[in-house]
Every structure is written in C-alpha cells, then in structure tokens.
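# Architecture and fold: a report
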Amino acid sequence: IDEISIELSGGGGGGGGPEATDGSQAGGTGGTTYVYVKQSNGSTRATFSAVGGAGGLAGGGTSGVGTAGQGFSHATGTEPPYQNVAGGAAVSGGANGLGGNAYSTGGGGAGNANSDNDGGAGGSAGSYTANTSYSIVSTTDYLQIVIGAGGAGGTTTRDNAGGAGHAGVVRIKGVLA
C-alpha cells in the first residue's frame, strides 16, 4: 500500500433539556475524532481530525416540543458508512429526546409536559473531513484512531432529558500502486 484515504466525522451533540423552573442543562458537545499516523518510536507523523457537534440549548425548542437533532449529510453521502441519515426526531409532551440515529447525528431535544414552556433544542451533527490522502512514508508506521463520543443529553432536576448524540466514525481505504 502506497497511500491511504481517510474519512472521519466527529460525534453528534446531545439534545438540550426542556425549559424548567428549577433549571435545565444544554446538551453536551460531541467529541472530536482523530486519526494519528505514528512512527515506530511512538512519535506522531501526521494528525487528521473532525470536531464534534454542538449540544442543543436548554429550552431552545418550541412550546412543549423538543426539536429534532441535526442529521448527517454531505455532498457525496452515498457510500457506507457515510450515507445521509436523520438525527434524533422531534418529541412533544413530557417525552425524553431521542438519540442520534447513526454516526455523527445530533440527539433530539427533550419535550416539555407544560406546553407553555419550551422543549430542548436538538444537537448539531459532528463535522466531516472528506477523503484526505496520505502517502505512506515508512512501512513501520501505524495508525492510532480515537472515535469522538456523542454528547450527553441535557437534563433537569426532575424532568426528562434530551437524547444523546451518536459517536463519530472513521473509514480508511488503502491504495495499491
């Protein structure tokens, strides 16, 4: 193998908690995904990364409804695992937000049983780093891969929580010369 192609995406952000008199938390930020090219002595030769999505705002939805998490989409989203997918769906009433459906999608915001108060906002999808080519320098090099976790859903003291974002993903393809 003379060259590798790297695609990666960060974890999706968690959905926000509902508006609440006792306070509510925003969803957590999704984790950053990394691919490190390491030399045999452990030092890093190259680093590739994709940041995680932002968490949804607490009470950032609409009256009684938690908004959907952001789906994962990009211009060439046709080849697994990078197909276009929806985020966690919108919920109403006192329902917990739904988690991100697949790699890098945002979690849905929590619904609110009191329709006078807002549900949580959905989390954002993790970023995507397109096919990045890396020419292999030494056959003793190796890859270290860290997958970004999905952000946690925001909570309140006594009410329901936003859905968690989904973890990121990495795809690596070798090119023979």
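Note: the structure precedes this text.
About the criteria used
- Residues numbered from 1 in each chain as written.
- Predicted model: local features only at pLDDT ≥ 70, side-chain atom pairs only at ≥ 80, totals over all residues.
- Heavy atoms only, no water.
- Core = buried A, V, L, I, M, F, W, Y, C linked by side-chain atoms within 4.5 Å.
- Buried < 20%, exposed > 50% of the residue type's maximum accessible area, 1.4 Å probe, protein only.
- Helix = DSSP H or I, 4+ residues; strand = E, 2+ residues; numbered from the N terminus.
- Contact = heavy atoms within 4.5 Å.
- Pairing = 2+ DSSP bridges.
- Axes fitted to C-alpha atoms, helices over the stretch in contact; angles between N-to-C directions.

Okay, the nonpolar core next. By size, the foremost hydrophobic cluster in this structure holds 10 residues: I4, I6, L8, V35, V37, A46, F48, A50, Y134 and V170. Residue assignment for this core shows that the elements contributing at least two residues are β1 (3-9), β2 (33-38) and β3 (44-50). Contact partners of A50, with chain neighbours within four places excluded, come to L8, S9, G10, G31, T32, T33, S127 and T129.

As summarised here, the arrangement of the three strands in space is β8-β1-β10, forming an open sheet in which the pairing is antiparallel. Where the open sheet ends on each side, the last strands, each with one partner, are β8 (128-135) and β10 (169-175). Averaged over all adjacent pairs, the angle separating strand axes in this sheet is 15 degrees, with direction ignored. Both β1 and β8 contribute to a ladder of six bridges, which runs antiparallel. Considered in β8, the bridge of L8 is made with T129.

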